[in-house]
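# Coordinate inspection notes
Each chain, letter by letter, is given below.
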Amino acid sequence: MVRVPLSEAERERGQRLGAVLRRARGARSMVEVAASAAISVETLRKIETGRIPTPAFFTVAAVADAVDLPLDTLRDAVEAPPGTELPQVS
């Protein structure tokens, strides 16, 4: 199977996803959040840094749940127009 390269917009969306999840994690450690989401710390690190720009839905949902971030809020933040400042998340 040949993978089609990601567009610049898809890469940017992955970086926004990671940034929003990182901001929502706040002071909690990566170890704590990864354990709560049942993923590896390395996977969380890659998502937060945008190195996995298209993580699986269930992985994203698990991380969002671990940081108490509603999926609607996450979607709105990630789908904002390019150049839009990331919203504050709690």
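Structural data are supplied above this passage.
Here goes a summary of the coordinates provided. (Residues numbered from 1 in each chain as written. Predicted model: local features only at pLDDT ≥ 70, side-chain atom pairs only at ≥ 80, totals over all residues. Heavy atoms only, no water.)

L17, L21, L44, V63, L69 and L74 are the most contacted members of the largest nonpolar core, which totals 20 residues. Looking at this core, the elements that each hand over two or more residues are α1 (8-25), α2 (30-37), α3 (41-48), α4 (57-66) and α5 (71-78). Leave out the neighbours within four places in its chain, and V63 touches L21, V33, A37, I39 and L44. (Core = buried A, V, L, I, M, F, W, Y, C linked by side-chain atoms within 4.5 Å. Buried < 20%, exposed > 50% of the residue type's maximum accessible area, 1.4 Å probe, protein only. Helix = DSSP H or I, 4+ residues; strand = E, 2+ residues; numbered from the N terminus. Contact = heavy atoms within 4.5 Å.)

Here we come to the packing of aromatic side chains. Enumeration over the complete set of coordinates arrives at one aromatic pair. Arranged with centres 5.3 Å apart and planes meeting at 75°, the rings of F57 and F58 form a pair that is edge-to-face. (Phe/Tyr/Trp six-rings, centres within 6.5 Å; stacked < 30°, edge-to-face > 60°.)

Now for unusual backbone geometry. For A38, which is not glycine, the phi torsion reads 60° and is therefore positive. Of note, A38 is situated in the loop between α2 and α3. Positive phi, close to 60°, is recorded for D68, a residue that is not glycine. Note that D68 resides in the loop between α4 and α5. In this structure D68 comes out as exposed when scored by relative accessible area, which is 58%.

A word on the packing of α2 against α3. Two elements in contact, α2 and α3, have axes separated by 9 Å at closest approach and are oriented at 105°. Put simply, α2 runs roughly perpendicular to α3. Of the residues in α3, those touching α2 at M30, V31, V33 and A34 are V41, L44, R45 and E48. For the contact of α2 with α3, the residue count by class is six nonpolar, no polar and two charged. (Axes fitted to C-alpha atoms, helices over the stretch in contact; angles between N-to-C directions. Parallel < 35°, antiparallel > 145°, perpendicular 65-115°, else oblique. Nonpolar A, V, L, I, M, F, W, Y, C, P; charged D, E, K, R; others polar.)

Now for the environment of V78. Along the polypeptide, V78 turns up in helix α5. A C-alpha to C-alpha distance of 7.5 Å links V78 and V20, two positions 58 residues apart in sequence. Discounting chain neighbours no more than four positions away, the residues touching V78 are R13, R16 and L17.

So far we have only geometry, and geometry alone does not tell us how the molecule works.
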